[in-house]
Amino acid sequence: MTSMQDLKDHYGFTDDDEELLKAFQPLAAQHKERFSGEFHNYLYGLPETTAILNTSNRQRLLEMHSNWFMSLFGGAYDNNYLNHLTRIGHAHVKVGLNVHFVNVAMNRVRHFLLNLIDENYPDRDERRALREATEKILDMNLDVMSASYREEELKKVFVSR
Ligand code: HEM
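Quick caveat, the model's predicted, so the values are computed rather than measured.

S.K.: Can you lay out the site of the ligand for me, pointing to particular residues and giving the numbers?
M.R.: Inspection of the region around the ligand gives 19 residues, with R60, L61, H65, W68 and H92 positioned closest. R60 places a side-chain nitrogen or oxygen 3.4 Å from an oxygen atom of the ligand. Between the ligand and H65, the relevant distance is 2.8 Å, taken from a nitrogen atom to a side-chain nitrogen or oxygen of the residue. In a pocket analysis with a 2 Å cut-off to the grid points, the ligand is assigned to the largest pocket. Of all the secondary-structure elements, those providing two or more residues to the shell around the ligand are α4 (47-53), α5 (58-71), α6 (79-94) and α7 (99-120). Per-element tally for the shell around the ligand: the top contributor is α5, with five residues. Its residues assigned to classes, the shell around the ligand comprises 14 nonpolar, four polar and one charged.

Okay, structure coming up:
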């Protein structure tokens, strides 16, 4: 991805989406601990991911994943944010995590957030707008993280030639 603006254009991520996510931040903060608890309980319940998680400090992982969760609502969706997402993707390639589990994990995040929105936004239009903004930011994250995996695969192809 060349720039964050391209990514936003492709996903139709607007200034309104940005404002909606920023406004959601206080509610997300209230549920941050529950998010990271559930996220890790799930990942420590799978043999493939536990093996990788056990190579890192548990508390540090909790902090990294809950900081990421909050960064979804940080509001500064610029090229620094794009670089940050690229680095996250590479960090997972480096620990040997199959991209399949990144997709699985993102699915858990999605359910967590969509449920939180459903429970707290009685107004149908407001709820729909926030759900859409949330879906976009999650898909943009997943897109950039997957691109890191593709980059690594391409490197392997070139090295093996
Ligand atoms: C590190 C996010 C899924 C294991 C990190 C970091 C972030 C992050 C932000 C810190 C990276 C850094 O600053 O260098 C995410 C997101 C995920 C995800 C957004 C998917 C939605 C997973 C899964 C595992 C995992 C499924 C399962 C093993 C790790 C490990 C590290 C890490 C072991 C530490 C890497 C290191 O020590 O450099 N993750 N993660 N992550 N994540 Fe995830």
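S.K.: Describe the layout of surface pockets, listing the residues and the values that go with them.
M.R.: In this structure, the largest pocket occupies an estimated 670 Å³ of space. If you trace the largest pocket, you find 24 residues lining it, with M64, H65, I88, A91 and H92 closest to the centre. For the lining of the largest pocket, the secondary-structure elements that each account for two or more residues are α3 (32-43), α4, α5, α6 and α7. Split into classes, the residues belonging to the lining of the largest pocket amount to 17 nonpolar, five polar and two charged.

S.K.: Give me α7: which residues, what numbers.
M.R.: With 22 residues, α7 extends 32 Å from end C-alpha to end C-alpha; this agrees with the ideal 32 Å at 1.5 Å per step. Regarding α7, the residues found buried are F101, V102, V104, A105, M106, V109, R110, F112, L113, L114, L116 and I117. One side-chain oxygen at the N-terminal end of α7 lies 2.8 Å from the backbone nitrogen of H100; it belongs to N98.

S.K.: Can you tell me about the side chain of S3, naming the residues and giving the values?
M.R.: Within the secondary structure, S3 sits in the segment before α1 (4-11). At a separation of 3.1 Å, a polar atom in the side chain of S3 contacts the main-chain amide nitrogen of D6. Residues contacting S3, with those up to four places away along its chain left out, are N79 and L82.

Conventions and cut-offs
Residues numbered from 1 in each chain as written. Predicted model: local features only at pLDDT ≥ 70, side-chain atom pairs only at ≥ 80, totals over all residues. Heavy atoms only, no water. Near = heavy atom within 4 Å. Polar contact = N/O pair within 3.5 Å; in protein donor to acceptor, adjacent residues only side chain to side chain. 1 Å grid on protein atoms, 1.4 Å probe; cavity = no way out; pocket = protein on both sides within 12 Å on 5 of 7 lines; lining within 4 Å. Sits in = over half its atoms within 2 Å of the grid points. Helix = DSSP H or I, 4+ residues; strand = E, 2+ residues; numbered from the N terminus. Nonpolar A, V, L, I, M, F, W, Y, C, P; charged D, E, K, R; others polar. Points joined across faces, edges and corners; volume = space filled by probe spheres on them. Expected span 1.5 Å × (residues − 1). Buried < 20%, exposed > 50% of the residue type's maximum accessible area, 1.4 Å probe, protein only. Contact = heavy atoms within 4.5 Å.

All we've got here are geometric facts, nothing functional implied.
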